[in-house]
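As a plain string of letters, each chain reads:
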Amino acid sequence: MGYSNYYEKLKKGLTTSLTAAAGAVSRAAEVAKDLAEDVLTLKCLKDYKLAGHVATAGPGNSWKIFAAVNKKPGAVFPEASVWILDKKGLIDQASRAGRARGFDSFFELQRRSCTQLVKIKHPGVIKVIEPLEETNGQMVFVTEPIFGSLANMITQFREVPSTPDDRAAAVLSPLEAKYGLYHVAETLQFLHQEARLAHCNLNPGSVIITKDGGWKLAGFEFAGGIADFGVQSGAAVAFEYTSAHPSPWEEYSAVSSCLAAASKLRLIWLRAASLCMLLRQLGCCCGGDGGVSNVQLLS
């Protein structure tokens, strides 16, 4: 009787595993089917085979990020991440909700952000492997492989329906958080002092955690040049989050509104305030029984 129960449980477990595997294959097939007509024909994806949807980034999690494998043997980047913004989907979703939105400015900002990512060469900025390409319905570019955005970590990847349980349960140790914030601050210092550029959009959706655990910046849509830490030059396309285009992280808006009458001290304050806001959010995604306090992270 005991052996019978054992084999019954084993059979049930095997059936459950096979069902889950079949579901994963089915989801992957659905993803490929949805993307095949519009995206997979793009030149930037000709060498890549897409796997699952693994992360999101950007305002409102508008960028969907897929794992990808380079089909060429010996490629410099055998693995990569494919970023896809579904322009048509955003417009259709807004129409169904009865909210007429003009997305031209929003899409132009995303193009600007992608251009900045290609221009800025620094280990603290996400590396672009294949630059932005567009179809009528999609924006696509390819980067180094990433694990997810800091926003994904904070929300335990709930924006990614197919996330495995072990990925959703991932937590940051205090050491990882300190290390990550240190490198974000280091990158901001490079942008301000060497590139003469203010990021102006530091939030969990623009901080990207790479597959090897590094913290890097993306989201350069509001970036503007700095002239002697004074007058802003090279300003971004005129655009502000409004009720029609709400910011997913309203608490960052004051800090990200940036550089009118900026000074060196103001830039330092902006950097410190932005990092403190990230610290406040990190309390819910760091390991431990009740999270990690800001004091512990900073000590």
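Residues numbered from 1 in each chain as written. Predicted model: local features only at pLDDT ≥ 70, side-chain atom pairs only at ≥ 80, totals over all residues. Heavy atoms only, no water.

Asks: It is not clear to me how the nonpolar core should be interpreted in this structure. Could you clarify?
Replies: Within soluble globular proteins, side chains that are nonpolar generally end up buried alongside one another. Ranked by size, the top nonpolar core spans 40 residues in total, and within it Trp83, Leu117, Leu150, Trp215, Leu217 and Phe220 carry the most contacts. Ignoring anything within four residues of it in the chain, the contact list for tryptophan 83 reads Ala57, Trp63, Lys64, Ile65, Met139, Val140, Phe141, Thr143, Ile146, Ile208 and Ala218. One finds Leu42, Cys44, Leu50 and Val140 within the second-largest nonpolar core, a separate group that totals 13 residues. (Core = buried A, V, L, I, M, F, W, Y, C linked by side-chain atoms within 4.5 Å. Buried < 20%, exposed > 50% of the residue type's maximum accessible area, 1.4 Å probe, protein only. Contact = heavy atoms within 4.5 Å.)

Asks: Explain the environment of isoleucine 208 to me, please; I cannot follow it from the model alone.
Replies: Along the chain, the position of isoleucine 208 falls in strand β8 (residues 207-210). According to the relative accessible area criterion, isoleucine 208 is buried, its value standing at 0%. Measuring from C-alpha to C-alpha, the distance between isoleucine 208 and glycine 180 comes to 9.9 Å, with 28 residues separating the pair along the chain. (Helix = DSSP H or I, 4+ residues; strand = E, 2+ residues; numbered from the N terminus.)

Asks: I tried to follow the pattern of salt bridges on my own but got confused; where do I start?
Replies: For side chains bearing opposite charge, pairing can occur when the charged atoms are close. A full pass over the atoms with the stated rule returns 8 salt bridges. Ionic pairing is found between aspartate 47 and lysine 72, a salt bridge with its closest N-O pair at 3.6 Å. In this pair, aspartate 47 is assigned in the loop between α1 (2-36) and β1 (48-57) and lysine 72 in the loop between β2 (63-70) and β3 (79-86), connecting sequence segments 25 residues apart. Classification of aspartate 47 as buried rests on a relative accessible area of 17%. Bridged by salt links that share partners, the residues Lys87, Glu108, Arg111 and Glu134 form one connected network. (Salt bridge = Lys/Arg side-chain N within 4 Å of Asp/Glu carboxyl O.)

Asks: Would you explain the confidence of the model for the chain in this entry?
Replies: Detailed reading of the predicted coordinates is not advisable wherever pLDDT is low. When the pLDDT values of the chain are averaged, the result is 74; 61% of them are 70 or greater. Here residues 243-263 is modelled with pLDDT under 50, and outside its nearest four sequence neighbours on either side it reaches 48 contacts, counting other chains as well. (pLDDT = per-residue confidence, 0-100.)

Asks: How should I be thinking about the side chain of glutamate 221 in this particular structure?
Replies: Tracing the backbone shows glutamate 221 in the loop between β9 (215-217) and β10 (224-227). In this structure glutamate 221 is buried but unpaired, with arginine 112 as the nearest side chain of opposite charge at 7.9 Å. Of the polar contacts made by the side chain of glutamate 221, one reaches the side chain of serine 113; its length is 3.4 Å. (Lys, Arg positive; Asp, Glu negative; His and termini not counted. Polar contact = N/O pair within 3.5 Å; in protein donor to acceptor, adjacent residues only side chain to side chain.)

Asks: I would appreciate a short explanation of the environment of threonine 41 in the present structure.
Replies: Considering the arrangement of structural elements, one finds threonine 41 in the loop between α1 and β1. Separated by 94 residues in the primary sequence, threonine 41 and threonine 135 have C-alpha atoms spaced 9.8 Å apart.

Asks: Before we go on, may I ask you to explain the packing of helix α2 (residues 87-96) against helix α3 (residues 104-119) in this structure?
Replies: Orientation of α2 relative to α3, taken along the N-to-C sense of each, is 155°, at an axis distance of 12 Å. By the angle class used here, α2 and α3 are roughly antiparallel. In the crossing of α2 with α3, the sense of the turn from one axis to the other is right-handed. Residues Lys87, Leu90 and Ile91 of α2 touch α3, and the partners they reach there are Phe106, Phe107 and Arg111. (Axes fitted to C-alpha atoms, helices over the stretch in contact; angles between N-to-C directions. Parallel < 35°, antiparallel > 145°, perpendicular 65-115°, else oblique. Left-handed = near helix turned anticlockwise from the far one by under 90°.)

Asks: For this particular structure, what's the right way to read helix α6 (residues 174-193)?
Replies: An α-helical segment advances 3.6 residues per turn. Residues three or four places apart therefore align on the same side. Between the first and last C-alpha of α6 there are 28 Å, a value that for 20 residues agrees with the 28 Å anticipated at 1.5 Å per step. Taken residue by residue, α6 has Ala177, Gly180, Leu181, Val184, Thr187, Leu188, Leu191 and His192 as its buried positions. Seen end-on, α6 carries its buried residues on one side only, within an arc spanning 135°. More than 90 degrees from the buried face of α6, the exposed residues found are Leu175 and Tyr182. (Expected span 1.5 Å × (residues − 1). Arc of directions from axis to C-beta.)

Asks: Just to check I follow, could you spell out empty space enclosed by the protein for this structure?
Replies: Empty pockets left among the atoms are what a rolling probe the size of a water molecule brings to light. Evaluation of the coordinates by the stated rule reveals 2 cavities of 30 Å³ or more. Quantified by volume, the second largest cavity comes out at close to 100 Å³. Looking at the second largest cavity, it is lined by 14 residues, and the ones nearest its centre are Trp63, Trp83, Ser113, Ala218 and Gly219. Ranked by residues supplied to the lining of the second largest cavity, first place goes to α3 with 4 residues. Looking at the lining of the second largest cavity, its residues break down into 8 nonpolar, 5 polar and 1 charged. (1 Å grid on protein atoms, 1.4 Å probe; cavity = no way out; pocket = protein on both sides within 12 Å on 5 of 7 lines; lining within 4 Å. Points joined across faces, edges and corners; volume = space filled by probe spheres on them. Nonpolar A, V, L, I, M, F, W, Y, C, P; charged D, E, K, R; others polar.)

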